[in-house]
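Each chain is listed here by its residues.
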Amino acid sequence: MNIVIIGNGISGISTARWLRKLSDHNITVISSESDHFYSRTALMYIYMGHMRYQDTKPYEDYFWEKNRIDLVNDHVEGVNYETKTLTLKKGNTLQYDKLVLALGSKSNKFGWPGQDLNKVTGLYNLQDLEKIEAYSDGLNRAVIVGGGLIGIELAEMFHSRHIPVTMFVREKSFWDAVLPQEESQMITRHILKNGIDLRLGTNLKEIVDDGKGNACAAIALESGDKVDCGYVGLTAGVSPNVDWLKESGLKINRGIIVNDKLETNQSDVYAIGDCAEQANPLPGRRGVEAIWYTGRMMGETCAYNICGHDISYNPGIWFNSAKFIDIEYQVYGEVLAKPKEHHKALYWEHEDGEKSVRILYDINDESIVGFNLMGIRFRHEVCEKWLREKTNVKEVIANLTLANFDPEFYKKHEEEIAKSFSNQCDLNFSTPKKSNLDRVLSFLKA
Amino acid sequence: MSEVYKSMSISNPHPPFEDGVQKAMAAIAGIGLLILILATIGVESISTPLNLALSIGLMSIGTIGFAYRAFRIKPAGIKNNGVWFSSAMSRGVIGWIAGIVITGFYIVLYWYEGLLGLGASGAANTGLVGFFDPLAMAIKGTPASQWFVYGTLYTVAILIFGVRFIWRYRHNRYQVIRTLSVMGFQLFFAYLIPEILESLNGEYATKWFDKDMKNMWPLDYDMFDAWHINNMSSTGILGWGFLIFSLLMIFVVSPFLTYKYGKRWYCSWVCGCGGLAETAGDSFRHLSDKSMNAWKIERWMIHSILVFVTIMTIAVVYGYLGDGSQYYITRTMFTMIVVAVLVIVGGAFYYFMNKRKDAKKDLQKIIMGIAAVIAVILLINFLTGSGNAFFIDNYTFKKWYGFLIGAAFSGVVGVGFYPLMGSRVWCRFGCPMAAILGIQQKLFSRFRITTNGSQCISCGNCSTYCEMGIDVRSYAQKGQNIVRASCVGCGVCAAVCPRGVLKLENGATDVFEKTIDIRNNHVQMDTI
Ligand SMILES: Cc1cc2nc3c(=O)[nH]c(=O)nc-3n(C[C@H](O)[C@H](O)[C@H](O)COP(=O)(O)OP(=O)(O)OC[C@H]3O[C@@H](n4cnc5c(N)ncnc54)[C@H](O)[C@@H]3O)c2cc1C
Ligand code: SF4
Ligand code: SF4
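Fair warning: this is a prediction, and the values are worked out from it, not measured in the lab.

Quick notes on the rules
Residues numbered from 1 in each chain as written. Chains lettered and ligands numbered in written order. Predicted model: local features only at pLDDT ≥ 70, side-chain atom pairs only at ≥ 80, totals over all residues. Heavy atoms only, no water. Pairing = 2+ DSSP bridges. Helix = DSSP H or I, 4+ residues; strand = E, 2+ residues; numbered from the N terminus. Axes fitted to C-alpha atoms, helices over the stretch in contact; angles between N-to-C directions. Domains from an automatic or database assignment. Contact = heavy atoms within 4.5 Å. Buried area = accessible area lost by both parts, 1.4 Å probe. Salt bridge = Lys/Arg side-chain N within 4 Å of Asp/Glu carboxyl O. Polar contact = N/O pair within 3.5 Å; in protein donor to acceptor, adjacent residues only side chain to side chain. Core = buried A, V, L, I, M, F, W, Y, C linked by side-chain atoms within 4.5 Å. Buried < 20%, exposed > 50% of the residue type's maximum accessible area, 1.4 Å probe, protein only. Near = heavy atom within 4 Å. Nonpolar A, V, L, I, M, F, W, Y, C, P; charged D, E, K, R; others polar. Parallel < 35°, antiparallel > 145°, perpendicular 65-115°, else oblique. Left-handed = near helix turned anticlockwise from the far one by under 90°. pLDDT = per-residue confidence, 0-100. Right-handed = clockwise from strand over helix to strand, strands pointing away.

1. Here's the deal with the sheet that holds strand β23 (residues 343-349) of chain A
All names here are of chain A.
Piece 1. One open sheet holds the 5 strands; their spatial order is β21-β22-β25-β24-β23, and the pairing between them is antiparallel. The sheet terminates laterally at β21 (319-324) and β23, the two strands that pair on one side only. In this sheet, neighbouring strand axes are inclined to one another by 10° on average, regardless of whether the strands run parallel or antiparallel.
Piece 2. Examined bridge by bridge, strand β24 (residues 356-362) and strand β25 (residues 368-374) share 6 bridges and lie antiparallel to one another.

Listed below in structure tokens is the structure:
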């Protein structure tokens, strides 16, 4: 069987790897972005000089041949679902028995005047990075539009090269559509402390043309302020990269609609990762979840389904992580910007203002619902087990040390956290017990 | 898009100096170095005690001041900006020049000490060695040697770059405490105490431990040489005590500590070679080769050297032992002890490999085979009454080991190649001590690096900054714990990981199955 995968990102590559583990089919991966799989999440580190491009490739180049995964560097321009043929830009066609669409996302543009000028890009792929690199030479200021996870990464990139940055952020506090208020304010403070000109409550009105087709300033909608700059980064979110398929007979809403087996409406065609939209997302989940981990899980699930196993896609308990300049962030379970009515949030913040722990529980049965961490690392498996088993929040606090994943010798805060939490609700939390890896292991096995 | 990005990193060189103060600090360190160079080339008038203090002082102030501006005044956090844009740190022109200069210095140090001004046959020292005479007189009451000069500069380097390292990682207490430890061990156990003991106790005391009290066999490869043993056994209770202590270290204390904490207790908390690599070598850690091929070469090299040092040591001791009139043990007893140790080691290996659920069994055969071959050859020679343990003259091994491994590899390549192959070239490819501790770490240690569930984003920071060239990411992205013989537990992979995926830790309950879990296998086989 010929299996063709379009897209060599984490989703497409996960499918290819698992197909190889599970079967002996012919596997071809097509991408027009790069010859090999690299880690998109590491784009910023290439620009900042932490790594070279080749350091971001998770597998050495020999890996693909050794595992008989054919790589094609070309752009797919058309699909014929009847004849099962792909048309490629360089003129070839390719036959498939099964097709996997792992097309990823593209940066959002909301029709701003000037959005297509030179010196305006998003931050999504290597081509963007190459342009940003070229525009950085002698750059006086960069304006970044949009304050999500990619916006802050782009800001940090310029910051690392001492290029002044102005951020236009629609929200009143950084990323407060996702982060609860205190965490959002912590990150806002951190950004300001780093000398980034953060303009909250600011939308972009237009990007000014210097007369030669280059961006030379950005104008804010609310204040009318004009910020002179030599580059504008558009990081107001991403959306599925599916425009070229809209007329092809594929069912598309925001993304390509898939069922729980990741099948599209066309037979033998699957869609996974950023470009897929679940027809029936599980409770508490969104239809399109454009993150690394879901791409990896969909990729693996898709391979099983292609190989005839009947596996429903189930991403399990929500988790995610990020880093805001120097503050690490992790979330497990359901932590919304505003907690649901029957959820109670307990929040502790370290006196340095750069570490915090937020724990949510259900007031009806006191079961744990979520963890939100800033500047402190928690152990994924432990949190997941507590969440899965709907453990009582008192038991969670009594054993909070089991979750600690900070490096050895770090100051422990569990006692202080328990005290602070006791003051915030009428549950009387006991002092967390001491812990070590052996206790963690036996907890996980139990 | 083809692979044009290979060159991307050099398209925007980061400015090498951030501000005027840093330039000034570099200049101050430069003046200190210049004084040292002038003294080395024999400018008589420079060679005064005051100038020696000035030279070391200026180099220290300059380096520490530079680091202060680079790290201490900035917000705490990972500071790898521009690493791959810097010529010195990315095998650029400056990197190559530095590599060649340091390598040259080591060649002179080991084989042309006269060029450094060491007085031949009793003549007064001149040049660099002469420059250090006043300090040597002050500490131990004798003139300097090239090794005193080297030891002093080595210690100074660990101390000043240690300060730099601590500032650089000041948000990470593991790094801070570990660095204080290597600084302390170097300053006291490898420098001050041996030098002072020498002045108190004449020539004997230091000859127990070859200038570095914390080295043990096989890093201290002549620990069992006749002169060494003689020195220890002829200086009463202290000497004997030290001999027994050394043996306990090798056979009891070290395996126990490695069981408890992994080889890191030595390699990145105590050892001087490791100490220099972690401090002065910190800027070059990312230059280690992460490829599968490099790993293969590493395993062959380091284990061959371990076999080599074992054979050499057996041969040397066999060579000087006789019928028991001079030493307490005879050649017969020694042969029996060695064979017994080899059998025990081979057997222990077999036992632990069987217990480990994920071990490769072919290795088991190789190791047992090697132990058997050594034992058999030794026995043949012994039974035929040969004076040589392994057919060849006993001291030939020693001569070659001393030259190839002891000097050329551990010194010249080991430090000279920092700017070219990373800071742990010796520790990774050459050190027989690291080989033994690594085997213990792999076989029965509680230590591992845990990966945090499914949080890895495959970014590659961990692999890039692993000085031992371990492809940490290849494990992390699978969600598998990392248990590698070569891991020195420096903890930098865990520090640089932007998603908090890695944690160095110890646990007793799963010693033989700690790498079994693959946490990122999302579809569980039992659901199929
Ligand atoms: C800067 C940045 C940082 C991020 N950081 C994080 C993070 O920290 N954590 C996290 O969870 N997520 C992060 N994400 C999101 C995450 O990277 C994506 O969700 C993930 O990479 C999507 O993987 P994918 O395989 O679905 O698509 P992609 O990785 O986008 O792969 C799709 C590939 O298909 C190619 N392609 C598309 N159409 C065609 C065609 N017609 N012909 C040929 N090739 C085609 C594209 O060129 C692309 O190479 C980040 C994203 C960015 C941009
Ligand atoms: S794996 Fe991590 S702890 Fe081990 S040597 Fe490499 S960087 Fe250091
Ligand atoms: S373990 Fe951390 S540093 Fe290593 S690849 Fe994964 S996310 Fe990156």
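On we go.
2. Let's talk about the domain arrangement of chain B
Residues and elements named next belong to chain B.
Piece 1. By the assigned domains, chain B splits into domain 1 (16-74 + 112-189) and domain 2 (445-527).
Piece 2. Domain 1 and domain 2 are separated by 38 Å when their C-alpha centres are compared.
Piece 3. Counting residues at the interface gives 5 residues for domain 1, matched by 6 residues for domain 2.
Piece 4. For the pair domain 1 and domain 2, the summed buried area comes to about 400 Å², and 51% of that belongs to carbon and sulfur atoms.

3. Section: the interface of chain B and chain A
Piece 1. In this assembly, 76 residues from chain B lie in contact with 74 residues from chain A.
Piece 2. Where chain B abuts chain A, roughly 6,200 Å² becomes buried across the two surfaces, and 48% of that area is made up of carbon and sulfur atoms.
Piece 3. On inspection of chain B and its partner chain A, the count reaches 4 salt bridges.
Piece 4. Among the salt bridges present, the one from R519(B) reaches E381(A), with a minimum N-O distance of 2.8 Å.
Piece 5. For the pair chain B and chain A, the interface holds 36 residue pairs in polar contact (both at pLDDT 80 or more).
Piece 6. If you list the elements that add at least two residues to the side of chain B that touches chain A, you get α7 (173-207), β1 (447-451), α19 (461-464), α21 (492-496) and β2 (502-506) of chain B.

4. Observations regarding the nonpolar core
Piece 1. By size, the foremost hydrophobic cluster in this structure holds 134 residues, and its most contacted members are L101(A), F158(A), F371(A) and F378(A).
Piece 2. The leading source of residues in this core is helix α7 (residues 292-306) of chain A, at 8 residues.
Piece 3. Residues within four places of F158(A) in sequence aside, it is in contact with Y47(A), I132(A), S136(A), L139(A), A142(A), I144(A), I163(A), V165(A) and Y231(A).
Piece 4. Among the nonpolar cores identified, the runner-up in size contains 133 residues, and Y106(B), L287(B), F382(B) and L504(B) belong to it.

5. A closer look at the site of ligand 3
Residues and elements named next belong to chain B.
Piece 1. Looking at ligand 3, there are 13 residues lining it, with C456, C459, G460, C462 and C497 nearest.
Piece 2. Sorting the residues of the shell around ligand 3 by element identifies α19 and α20 (472-476) as the ones contributing at least two each.
Piece 3. Looking at side-chain class alone, the shell around ligand 3 contains 9 nonpolar, 3 polar and 1 charged residues.

6. Remarks on the site of ligand 2
Piece 1. Around ligand 2 sit I449(B), C466(B), M468(B), I470(B), V472(B), C487(B), V488(B), G489(B), C490(B), G491(B) and C493(B), and that is every residue in its neighbourhood.
Piece 2. The residue makeup of the shell around ligand 2, split by class, is 9 nonpolar, 2 polar and no charged.

7. Here we look at the side chain of Q186(B)
Piece 1. Note on placement: Q186(B) falls in helix α7.
Piece 2. In contact with Q186(B), other than residues within four places in its own chain, are Y154(B), T155(B), I158(B), Y191(B), K214(B) and G272(B).

8. Quick look at the domain arrangement of chain A
Piece 1. Domain assignment breaks chain A into domain 1 (2-106 + 239-306), domain 2 (120-236) and domain 3 (319-445).
Piece 2. Using only C-alpha atoms to locate each centre, domain 1 of chain A and domain 3 of chain A end up separated by 35 Å.

9. So, the packing of helix α6 (residues 146-168) of chain B against helix α11 (residues 272-279) of chain B
Residues and elements named next belong to chain B.
Piece 1. Where α6 contacts α11, the axes come no closer than 8 Å and their chain directions differ by 45°. Our classification of the angle between α6 and α11 gives oblique. The way α6 lies across α11 gives a crossing that is left-handed. Counted together, Y154, A157, I158, F161, G162 and F165 of α6 and G272, C273, G275, L276, E278 and T279 of α11 form the full contact between these two elements.
Piece 2. Class assignment of the residues belonging to the contact of α6 with α11 gives a composition of 7 nonpolar, 4 polar and 1 charged.

10. Overview of the environment of D310(A)
Residue and element names in this part refer to chain A.
Piece 1. Examined against the element boundaries, D310 turns out to sit in the loop between α7 and β21.
Piece 2. Residues D310 and A220, spaced 90 residues apart in sequence, show a C-alpha to C-alpha distance of 52 Å.
Piece 3. Beyond its immediate chain neighbours, meaning those up to four positions away, D310 contacts K261 and N305.

11. What about the pattern of salt bridges?
Piece 1. If you walk through the whole model with that rule in mind, you get 43 salt bridges over all chains.
Piece 2. As a salt-bridge pair, D243(A) and K106(A) come within 3.8 Å of each other at their nearest N and O atoms. In this pair, D243(A) sits in the loop between β17 (238-240) and β18 (256-258) while K106(A) sits in strand β8 (residues 105-107), placing the two residues 137 residues apart along the sequence.
Piece 3. Taking the shortest distance from any N to any O, the salt bridge between K205(A) and E206(A) comes out at 3.9 Å.
Piece 4. The class for K205(A) is partly exposed, based on a relative accessible area of 40%.
Piece 5. We classify E206(A) as partly exposed; its relative accessible area is 26%.
Piece 6. Sharing partners across several salt bridges, the network here consists of R164(B), R168(B), R178(B), E278(B), D282(B), R285(B), R424(B) and E467(B).

12. Focus on unusual backbone geometry
Piece 1. The amide bond that connects W217(B) to the next residue, P218(B), takes the cis arrangement and shows omega of 5°.
Piece 2. Considering the arrangement of structural elements, one finds P218(B) in the loop between α7 and α8 (226-233).
Piece 3. Positive phi values are uncommon outside glycine, yet R68(A) reaches one of about 50°.
Piece 4. Tracing the sequence through the fold places R68(A) in the loop between α3 (62-66) and β3 (69-73).
Piece 5. A relative accessible area of 44% places R68(A) in the partly exposed class.

13. Thoughts on the confidence of the model for chain B
All names here are of chain B.
Piece 1. Across chain B, pLDDT averages 88, with 93% of residues at or above 70.
Piece 2. Contacts for the low-pLDDT stretch residues 1-16, under 50 throughout, to residues beyond four places or in other chains number 37 contacts.
Piece 3. Overall fold confidence for the complex sits at a pTM of 0.95, while the interface term, ipTM, reaches 0.96.

14. What to know about the pairing of strand β12 (residues 197-200) of chain A
Looking down a regular strand, the side chains alternate between one sheet face and the other.
Residue and element names in this part refer to chain A.
Piece 1. Of the strand pairs in this sheet, strand β11 (residues 165-169) and β12 are connected by 4 bridges, and their pairing is parallel. Its bridge partner lying in β12, T166 is registered against D197.
Piece 2. Remark: the β11/helix α6 (residues 181-193)/β12 crossover connection has right-handed handedness.

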